[in-house]
Amino acid sequence: AGVINIINAGTYAISYSVTGISGPVQFALEVNSNTDATSVYGSNDGEVYGQTIITVGAGSTLSLINTSLVPVVLAAPTLGGLQANVNASVLIEKLN
């Protein structure tokens, strides 16, 4: 699992998506090793989209974590074509 380092203090809008092959699944953001309750989203079909707004200090860390009751199987790396797919993404926008 990867860790995103947030260099500057501020308020951030964060969106994420994860594509698995089946549900139910649940994901959340972990901020400084603590699950952020406003970022927990679930789905019955294996695809999860979440968003939240958080305020953090300089040097904070962020991770996208699986909070499902079972391991999640991500979609095949070339599902639907010959090119590699992205199975998870995180978008971070600094608001102030």
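This structure is a prediction, so every number in the text was calculated from the model and none was measured.

The rules we used
Residues numbered from 1 in each chain as written. Predicted model: local features only at pLDDT ≥ 70, side-chain atom pairs only at ≥ 80, totals over all residues. Heavy atoms only, no water. Helix = DSSP H or I, 4+ residues; strand = E, 2+ residues; numbered from the N terminus. Buried < 20%, exposed > 50% of the residue type's maximum accessible area, 1.4 Å probe, protein only. Contact = heavy atoms within 4.5 Å. Areas by Shrake-Rupley, 256 points an atom, 1.4 Å probe, with all protein chains shown as cover. Pairing = 2+ DSSP bridges. Axes fitted to C-alpha atoms, helices over the stretch in contact; angles between N-to-C directions. Phe/Tyr/Trp six-rings, centres within 6.5 Å; stacked < 30°, edge-to-face > 60°. Patch = residues over 30% accessible without salt bridge, like charges linked within 9 Å, V, L, I, M, F, W, Y side chains within 5 Å. Salt bridge = Lys/Arg side-chain N within 4 Å of Asp/Glu carboxyl O.

Engineer: So what's going on with the overall build of the chain? Residues and values would help.
Structural biologist: If you tally the helices and strands in the chain, you get zero helices and eight strands. Each helix and strand of the chain, ordered N terminal to C terminal, gives the series β-β-β-β-β-β-β-β. Each of the 96 residues in the chain was classed as buried or not, and the buried ones make up 33%. For the chain, the share of sequence-separated contacts (at least 6 apart) that also reach a separation of at least 24 residues comes to 71%. For the chain, the exposed area adds up to about 5,800 Å²; of that, 55% sits on carbon and sulfur atoms.

Engineer: An account of the sheet that holds strand β2 (residues 10-19) is needed here, citing residue identities and associated values.
Structural biologist: Judged by pairing direction, the sheet is antiparallel, and its three strands sit side by side in the order β6-β2-β8 without closing on themselves. Each edge of the open sheet is held by one strand with a lone partner, namely β6 (47-56) and β8 (88-94). Direction aside, the axes of adjacent strands within the sheet are offset by 15° on average. Alignment of β2 against β8, held across seven bridges, turns out to be antiparallel.

Engineer: Please give an account of the packing of aromatic side chains that cites residues and values.
Structural biologist: Counted by the stated rule, this structure contains one aromatic pair. The interplanar angle of 80° and the centroid separation of 6.4 Å between the aromatic rings of tyrosine 16 and tyrosine 41 together place this pair among those described as edge-to-face. One end of the pair, tyrosine 16, is in strand β2; the other, tyrosine 41, is in strand β5 (residues 41-43), with 25 residues separating them in the sequence. The class of tyrosine 16 is buried, set by a relative accessible area of 3%.

Engineer: I'd like a rundown of a nonpolar patch on the surface, residues and numbers included.
Structural biologist: Together, Ile4, Val90 and Ile92 make up a nonpolar patch on the protein surface, roughly 180 Å² of accessible area in all. Relative to the helices and strands, isoleucine 92 is located in strand β8. Judged by relative accessible area, which is 30%, isoleucine 92 ranks as partly exposed.

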